[in-house]
Amino acid sequence: MAHSESSLVAPYFKDIEQQRETNTLGMWVFLVTEVMLFGGIFLVYAVYYFNYHDAFSEAGKELNLVLASINTLVLLCSSLTMALAVYACQTDKQKMLVTFLTLTLILGAVFLGIKGFEYFEKYEHGLIPGANFHYEGEYPLQASLFFGLYFAATGLHATHMIVGGTILAIITVKAMRGFYTSVNYDTIENMGLYWHFVDIAWVFIFPLFYLIER
Amino acid sequence: MTEKHNEEHHNHITPVSTYLMVFAGLLVLMALTVYVGYADFGPFDKAVTLIVAICKASLIMLFFMHLRHSSGLVWIFGTMGFFFLIIMLLLSLGDYAARGTIQGPI
């Protein structure tokens, strides 16, 4: 599907540059609200961390650092492949674009798979807050709070991965049909912005929860 | 002249080599994060961990998210989220500390 530049510009924009900048800006505005959404969880975490320092340190040791480190690596790789997909689209390399979008999608799925296994591990150890919460340590009440925050933060992050992955899958199918070109790459660019934001959220979740007083 | 400037501004295509270099930097910082997590920096332990995380986030925003070659308006929004986040964290934690709710280790 070949697009002429003028057919891509909405009538209320001066030219494609202005439209592109508006698209980018709109995505950043959305990401500001996302920062505040994750920020709320980080604030609650900070308050309780200072209050129940010892209990949180003890509970943090229950988390699987090896799996989380692998996941950090997987997510960084997926950020790279997403960035390269944007490059491919900007330079009109259609095959490369589809390849890197697919790779990003696969890496995202790997992340969610590992995350799912981690959750299963927590379930088996009885570390999901609620009626069946079973914790051997010294401060079970405070530990329950820690795991509640852990599931809130990583759960919100995983939800973002699922939503992002779904949109990415749709974009990948459209890219296979040659919908995106070096002129029409705003959607790929914005997908990249979202994907990198989700990576940044993990960059903070990882040390805060997994590396707490090792 | 303005037009030429605009073109440089919006159509900048980050080369693959830059992406790879930033990725290498992120890997080094990731290894550093884990190392810092295990090492003991005394009272600055958490601060060092956070500084490394902020460095990683900055690299991702500047290069992967193309903030480096974005217009001033995008810069304002790119940093605004963190600006308000810092206000929220500082004022709230300051309040908790001043009321004596934060009692230190139990």
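Residues numbered from 1 in each chain as written. Chains lettered and ligands numbered in written order. Predicted model: local features only at pLDDT ≥ 70, side-chain atom pairs only at ≥ 80, totals over all residues. Heavy atoms only, no water.

A few points about the overall build of chain A
Inclusion rule: Under the DSSP-based scheme used, a helix requires at least four consecutive residues in state H or I and a strand at least two consecutive residues in state E, with every element numbered from the N terminus. The contact rule is simple, with two residues in contact once any of their heavy atoms fall within 4.5 Å. The Shrake-Rupley method, run with a 1.4 Å probe sphere, supplies the accessible areas, and residue values consider only the shown protein chains as cover.
In terms of helices and strands, chain A carries seven helices and zero strands. Across chain A, helices and strands are ordered from the amino to the carboxyl terminus as α-α-α-α-α-α-α. Taken along the three principal axes of its C-alpha coordinates, chain A extends 65 × 30 × 30 Å. Taking the intrachain contacts of chain A between residues at least 6 apart in sequence as the baseline, contacts between residues at least 24 apart amount to 80%. With an accessible surface of roughly 8,800 Å², chain A has 67% of that area assigned to carbon and sulfur atoms.

What to know about the pattern of salt bridges
All names here are of chain A. To be explicit about the condition: Criterion for a salt bridge: a side-chain nitrogen of Lys or Arg within 4 Å of a carboxyl oxygen of Asp or Glu. Accessible area is worked out with a 1.4 Å probe on protein chains only. A residue is then buried under 20% of its type maximum, exposed over 50%, and partly exposed in between.
Under the defined criterion, the tally for this structure stands at five salt bridges over all chains. A salt bridge links Glu17 to Arg20; the shortest N-O distance between them is 3.9 Å. On the criterion of helical spacing, the pair formed by Glu17 and Arg20 is a turn pair, its members being three residues apart in helix 2 (residues 16–51). With a relative accessible area of 8%, Arg20 lands in the buried category. Each of Glu17, Arg20 and Asp186 takes part in one network of salt bridges that share partners.

Focus: the interface of chain A and chain B
Our working rule: Put simply, buried area is the surface a 1.4 Å probe can reach on two separate parts but cannot reach once they are joined, added for both. Residues adjacent in sequence count toward polar contacts only when both atoms are side-chain atoms; beyond that, a polar contact is any pair of N or O atoms within 3.5 Å, and within protein one must be able to donate a hydrogen and the other to accept it.
On the side of chain B, 51 residues touch chain A, which itself brings 55 residues to the contact. Buried area between chain A and chain B, both sides added, is near 4,700 Å², and the carbon and sulfur share of it is 78%. Summed over the shared surface of chain A and chain B, the number is zero salt bridges. The interface formed by chain A and chain B holds two residue pairs in polar contact (both at pLDDT 80 or more) in total. In terms of residue count, the dominant contributor to the side of chain A that touches chain B is helix 2 of chain A (20 residues).

Topic: the confidence of the model for chain A
Convention followed: Along the chain, pLDDT gives the predictor's confidence residue by residue, from 0 to 100.
With 97% of its residues at a pLDDT of 70 or more, chain A shows a mean pLDDT of 93. No element of chain A has a lower mean pLDDT than helix 1 (residues 5–8) of chain A, at 80, and none a higher one than helix 5 (residues 94–124) of chain A, at 97.

With respect to helix 4 (residues 72–98) of chain B
To keep things clear, this is the line we draw: By definition here, a helix of n residues has an expected span of 1.5 Å times n minus one. One axis fitted to the seven residues ending at a residue, another fitted to the seven starting there: the angle between these axes is the bend at that residue.
With 27 residues, helix 4 of chain B ought to run about 39 Å at 1.5 Å a step, and its terminal C-alpha atoms sit 38 Å apart, in line with that. Where helix 4 of chain B bends most, at Met80 of chain B, the angle is about 35°. Where the residues of helix 4 of chain B are buried, they touch helix 2 of chain A together with helix 3 (45–64) of chain B.

So, the layout of surface pockets
For clarity, the cut-off: We place a 1 Å grid over just the protein atoms. Points where a 1.4 Å probe fits but has no way out form a cavity, open points with protein on both sides within 12 Å along at least 5 of 7 lines form a pocket, and any residue with an atom within 4 Å of a point lines it. Grid points are joined across faces, edges and corners, and a volume is the space filled by probe spheres set on the points. The nonpolar class holds Ala, Val, Leu, Ile, Met, Phe, Trp, Tyr, Cys and Pro. Asp, Glu, Lys and Arg form the charged class, and all remaining residues, Gly among them, are polar.
Its volume calculated, the largest pocket comes out at about 840 Å³. If you trace the largest pocket, you find 31 residues lining it, with Phe204 of chain A together with Leu50, Ile54, Leu85 and Leu89 of chain B closest to the centre. Of all the secondary-structure elements, those providing two or more residues to the lining of the largest pocket are helix 2 and helix 7 (186–210) of chain A together with helix 3 and helix 4 of chain B. Take the lining of the largest pocket: its biggest share by element is nine residues, from helix 4 of chain B. Per-class residue counts for the lining of the largest pocket are 26 nonpolar, four polar and one charged.

What to know about the packing of aromatic side chains
All names here are of chain A. Selection criterion: Only centres within 6.5 Å qualify two rings of Phe, Tyr or Trp (six-membered ring in Trp) as a pair; their planes then separate them into stacked at under 30 degrees, edge-to-face at over 60, and tilted for everything else. Over a ring means this: the NZ of a Lys or the CZ of an Arg is within 6 Å of the ring centre and within 35 degrees of the ring normal.
Overall, the coordinates contain 27 aromatic pairs over all chains when judged by the stated rule. Between Tyr45 and Phe209 the ring centres are 4.4 Å apart and the planes differ by 45°, which places this aromatic pair in the tilted class. Of this pair, Tyr45 sits in helix 2 while Phe209 is found in helix 7, placing the two residues 164 residues apart along the sequence. You can call Tyr45 buried: its relative accessible area is 3%. Take Phe209: its relative accessible area is 0%, and that puts it in the buried class. Lying over the aromatic face of Phe179, Lys174 brings its terminal NZ or CZ to 4.4 Å of the ring centre.

Regarding unusual backbone geometry
Phi is mostly negative for residues that are not glycine, and the peptide bonds are mostly trans. Of note in the backbone geometry, Asp92 of chain A takes a positive phi value of approximately 65° without being a glycine. As for its placement among the helices and strands, Asp92 of chain A is situated in the loop between helix 4 (65–90) and helix 5. By relative accessible area, which is 40% here, Asp92 of chain A ends up partly exposed. In this structure, His66 of chain B takes a positive phi of about 60° despite not being glycine. Checked against the element boundaries, His66 of chain B lands in the loop between helix 3 and helix 4. Exposure remark for His66 of chain B: the relative accessible area of 12% places this residue in the buried category.

Description of empty space enclosed by the protein
According to the stated counting rule, one finds two cavities of 30 Å³ or more in the structure shown. Each pocket or cavity is described by its volume, and for the second largest cavity that value is around 70 Å³. Lining the second largest cavity, in full, are Trp28, Leu31, Val32, Val35, Phe197 and Ile200 of chain A together with Met61, Met65, Phe77, Gly78, Gly81 and Phe82 of chain B. Elements supplying a minimum of two residues to the lining of the second largest cavity: helix 2 and helix 7 of chain A together with helix 4 of chain B. Split by residue class, the lining of the second largest cavity holds 10 nonpolar, two polar and no charged.

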